[in-house]
Amino acid sequence: MKYLVMVQGSQADYDAQSGKGSAGSPAWDEKAMQEMFAYMGSINDDLAESGELVTAYGLTEPAQGRAVSVDAEGRPVISDGPYSETKELLAGFWILECESLERVTEIAARVARCPQPAGAPDYPVLIRPVGGGIDD
């Protein structure tokens, strides 16, 4: 079974990782960033070695994104990020092929233990089974 494993963040979290902390997201220093990258890299390496990794990506900050909807006449309405109406957004994800929900839950728990500065927000790691796709 394939699973989507998602990590969340906010624009404030991306700002904090670039050294601009706020009340809810303390600034990350270079050491904290290197620890986070090393930790996530070790997860990726282990998943690749076990054959469970299909793909994984971190996403750029919300300020670089857009939200697209349509108005009453069907015309596109485009909003640039960050999106003040949304507290958390998708920050990165893995597509994993695992034998069971229990196994992917073990992996998500490991992801949730990623080191971060004291006081940084704790977001849940989200798991969603992937339904049939065009390749299935």
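No experiment lies behind these values; they were computed from the predicted model shown.

Chemist: How do you make sense of the environment of Asp122 when you look at a structure like this?
Modeler: For Asp122, the position within the fold is in the loop between helix 3 (101-112) and strand 6 (126-129). Expressed as a C-alpha distance, the spacing of Asp122 and Gln8, which sit 114 residues apart in the sequence, is 9.2 Å. A distance of 2.8 Å separates a polar atom in the side chain of Asp122 from a polar atom in the side chain of Gln116.

Chemist: Hey, could you run me through helix 2 (residues 30-50) in this one?
Modeler: Since one α-helical turn is 3.6 residues long, residues separated by three or four positions face the same way. Taking 1.5 Å per residue, 21 residues should reach 30 Å; helix 2 reaches 30 Å between its end C-alpha atoms and fits that length. All of the buried residues along helix 2 are Ala32, Met33, Met36, Tyr39, Met40, Ile43 and Leu47. Each buried residue of helix 2 sits inside an arc of 135° when the element is viewed along its axis, so together they form one side. Helix 2 presents Glu30, Lys31, Ala38, Asp45 and Glu49 as exposed residues on the side facing more than 90 degrees away from its buried surface. Tucked into the core, helix 2 has its buried residues touching helix 1 (11-17), strand 2 (53-58), strand 5 (89-97) and helix 3. For helix 2, the N-terminal cap is Asp29; the gap from its side-chain oxygen to the backbone nitrogen of Lys31 is 3.3 Å. The positive-phi residue at the C-terminal boundary of helix 2 is Gly51, with phi of around 85°.

Chemist: Can you walk me through the pairing of strand 5 in this structure?
Modeler: Taken residue by residue, a regular strand's side chains alternate between the two faces of the sheet. Summarising the sheet, strand 1 (residues 2-9) and strand 5 pair through eight bridges and their orientation is antiparallel. Counterpart to Met6 in the pairing with strand 5 is Phe93. Where strand 2 meets strand 5, five bridges bridge the pair, whose relative direction is antiparallel. The partner of Leu53 across the bridge, within strand 5, is Leu96.

What counts, and where the lines are drawn
- Sequence positions are assigned chain by chain, starting from 1 and proceeding in written order.
- Totals for whole chains, interfaces and linings use all residues, but because this is a predicted model, local features are given only for residues with pLDDT of at least 70 and pairs of side-chain atoms are given and counted only at 80 or more.
- Based on all heavy atoms of the structure, the side-chain values leave hydrogens and waters out of the count.
- Helix numbering and strand numbering both begin at the N terminus, where a helix is a DSSP run of H or I of at least 4 residues and a strand a DSSP run of E of at least 2.
- Polar contact is the term for a pair of N or O atoms within 3.5 Å; when the atoms are in protein, one must be able to donate a hydrogen and the other to accept it, and sequence-neighboring residues count only if both atoms are side-chain atoms.
- How far a helix is expected to stretch is found by multiplying one less than its residue total by 1.5 Å.
- Throughout, exposure labels follow a simple rule: accessible area from a 1.4 Å probe, protein chains only, divided by the maximum for the residue type, with under 20% read as buried, over 50% as exposed, and the rest as partly exposed.
- For this quantity, the arc is that covered by the directions from the helix axis to the C-beta atoms.
- Any two residues whose heavy atoms approach within 4.5 Å at even a single point are treated as in contact.
- For two strands to count as paired, DSSP must find a minimum of two bridges between them.

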